[in-house]
Amino acid sequence: MTLTPRPARPDDRRAAEALLSALDLPLAGLDACFSTSWVAEAGDGASADGVTSLVGLAGVELYPDGALLRSVAVHPDWRGTGLGRALVARAIDAARDAGARDAYLLTTTAEGWFPRFGFTPIGRDAVPPGVRESVEFREACPASAVVMHRPL
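What counts, and at which threshold
Residues numbered from 1 in each chain as written. Predicted model: local features only at pLDDT ≥ 70, side-chain atom pairs only at ≥ 80, totals over all residues. Heavy atoms only, no water. Helix = DSSP H or I, 4+ residues; strand = E, 2+ residues; numbered from the N terminus. Buried < 20%, exposed > 50% of the residue type's maximum accessible area, 1.4 Å probe, protein only. Lys, Arg positive; Asp, Glu negative; His and termini not counted. Salt bridge = Lys/Arg side-chain N within 4 Å of Asp/Glu carboxyl O. Contact = heavy atoms within 4.5 Å. Core = buried A, V, L, I, M, F, W, Y, C linked by side-chain atoms within 4.5 Å.

A.B. asks: What exactly am I supposed to notice about the side chain of R150 here?
C.D. replies: Residue placement: R150 occurs in strand β7 (residues 146-151). Nearest to the buried, unbridged R150 among oppositely charged side chains is D93, at 7.0 Å. Excluding residues that lie within four positions of it along the chain, R150 makes contacts with I92, R96, D102, A103, F117, G118 and F119.

A.B. asks: Just checking my understanding: could you explain the nonpolar core for this structure?
C.D. replies: In summary, soluble globular proteins display a tendency toward joint burial of nonpolar side chains. Ranked by internal contacts, the top residues of the largest apolar core, which has 21 residues, are V55, L69, W78, L83, F114 and F119. Those elements that place two or more of their residues in this core are β2 (37-41), β3 (54-63), β4 (66-74), α3 (83-97) and β5 (102-107). Those residues within four positions of L69 in sequence are excluded, and the remaining contacts are G59, V88, A91, Y104, L105, F114 and F119. One finds A15, L20, C33 and F34 within the second-largest nonpolar core, a separate group that totals 12 residues.

A.B. asks: How do you make sense of the environment of V88 when you look at a structure like this?
C.D. replies: The topology assignment puts V88 in helix α3. For V88, a relative accessible area of 0% puts it in the buried group. With 26 residues separating them in the primary sequence, V88 and F114 have C-alpha atoms 9.3 Å apart.

Shown next as structure tokens:
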């Protein structure tokens, strides 16, 4: 089965938190990107408790000097299906459509995966000040996280 990413809705918030938590990804700053996030859900979209059953997520925070790709998460059962690629492509397109000229990300585990989208490692000091002031840079990701960039 192929899943098609769709824009996140407010009622997806709890499911997004659950997915990120299950994958040990930070929740800090999720509010800053949730309205510009893309999700994928399996099944009919709701569980018994009314929470959507998200299996994928990718968000983008928009700043005057760049976009920050974040909260890229795919449930292990859906890895290798192209879902992560589709989610990232949608988030990058959304950043470009919003006028961003550059995209940045931080990762502690996927520095080998993001080059397929044109991301290359850079130093933290090469990231513009507005993006560096994000919660992701200031609090959510450790100083050891790899910083990556791609022009849009």
